[in-house]
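Secondary and tertiary structure notes
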Amino acid sequence: MSAPDPDAEREVDLRSYLSALSMRWWLPVAGLVAGIVIGLLVSLGGNQVWTANTTVYLGQPLSPTGSVQIQSDSTNPSVVGTLIHNEVNLRRAAHAAGMPVSKLRGHVSSRPVAGALTKLGQTPLVQITVTGSAPRKVQIAANTLAQIVVANTSSYADRLISTWQEQVSTYTQSLKTIDQALKSSGLSSADKLLATIQRAQFADQLTTAKQQLAVAQEVEKGSQKTFAAATKTTAKSRRNTVIVAALIGLLLGIFAALLWEPVGRVVRRSS
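What comes next is a walk through the structure.

Conventions we followed
- Residues numbered from 1 in each chain as written.
- Predicted model: local features only at pLDDT ≥ 70, side-chain atom pairs only at ≥ 80, totals over all residues.
- Heavy atoms only, no water.
- Salt bridge = Lys/Arg side-chain N within 4 Å of Asp/Glu carboxyl O.
- Helix = DSSP H or I, 4+ residues; strand = E, 2+ residues; numbered from the N terminus.
- Buried < 20%, exposed > 50% of the residue type's maximum accessible area, 1.4 Å probe, protein only.
- Pairing = 2+ DSSP bridges.

Considerations on the pattern of salt bridges
Inspection of the entire model under this criterion finds four salt bridges. With its nearest N and O atoms 2.8 Å apart, the salt bridge here joins Glu 87 to Arg 105. Separated by 18 residues along the polypeptide, Glu 87 in helix H4 (residues 87–97) and Arg 105 in the loop between H4 and strand E2 (108–112) bring together distant segments of the chain. Assessed through its relative accessible area of 37%, Arg 105 is described here as partly exposed. Ionic contacts of the salt-bridge type, sharing partners, join the residues Glu 87, Arg 91 and Arg 105 into one network.

Digging into the environment of Thr 207
Turning to its location among the elements, Thr 207 is positioned in helix H7 (residues 189–220). When the C-alpha positions of Thr 207 and Tyr 171 are compared, they lie 9.3 Å apart, and in sequence the two are 36 residues distant.

Regarding the pairing of strand E1 (residues 48–57)
Of the strand pairs in this sheet, E1 and strand E3 (residues 125–132) are connected by eight bridges, and their pairing is antiparallel. The residue bridging Thr 51 from the neighbouring strand is Thr 131, located in E3. Alignment of E1 against strand E4 (residues 223–226), held across three bridges, turns out to be antiparallel. The residue bridging Thr 55 from the neighbouring strand is Thr 226, located in E4.

Put into structure tokens, the structure is as follows:
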């Protein structure tokens, strides 16, 4: 007795499959068309997602002498995540945007900007992202959260700025007083010389105070570097959705064509 030829059996099976597909070609075609239609309907009904990104600089605090960087909340990028996920801050941002806070929870995130954190102690740029279905609301929420972050990480710099502004005002007023005295004719030569020396000292101190004020405002204090503008991203790609749905419909149609005859035999036997 000769052994069965597996190649011949496979050829017979393949022919039977091709025959079933050719006889019921309309099933794969119907599945393909149905998949395309369903994919289009799903993609048209998909929600649009809006994303708003804003970048904040946390500020680099310096020692009182201004020569050494010091560690603080503003040098730790993780503080941003803590602040933007805080319930109180979420409610403030939601109120400003006119949206329920439930629409904001789970839709905010933060991350250091790539390349901005190169060594320990260097203040990073941090990007805050808010997503949602309403562009104007996510934009306002992102900007509000950025302002909250800047306010909470700049308290040290704010005190420095206030101090230096007072000194600038004091030195400026002192210079005005001395200038008025020098214009009067009641001063002796010795008094004028003393006033001139004092004026030079105050002018030097005023220059230093202005420089320190600029450092505190531009370096030590945090700021919002870029303001959020909402951009639209489609929740589901229409093209990909239609292709996947069409392929699924085609496969289902092929399976239906191949199983039509075996299933029919089973049904006829059971009846």
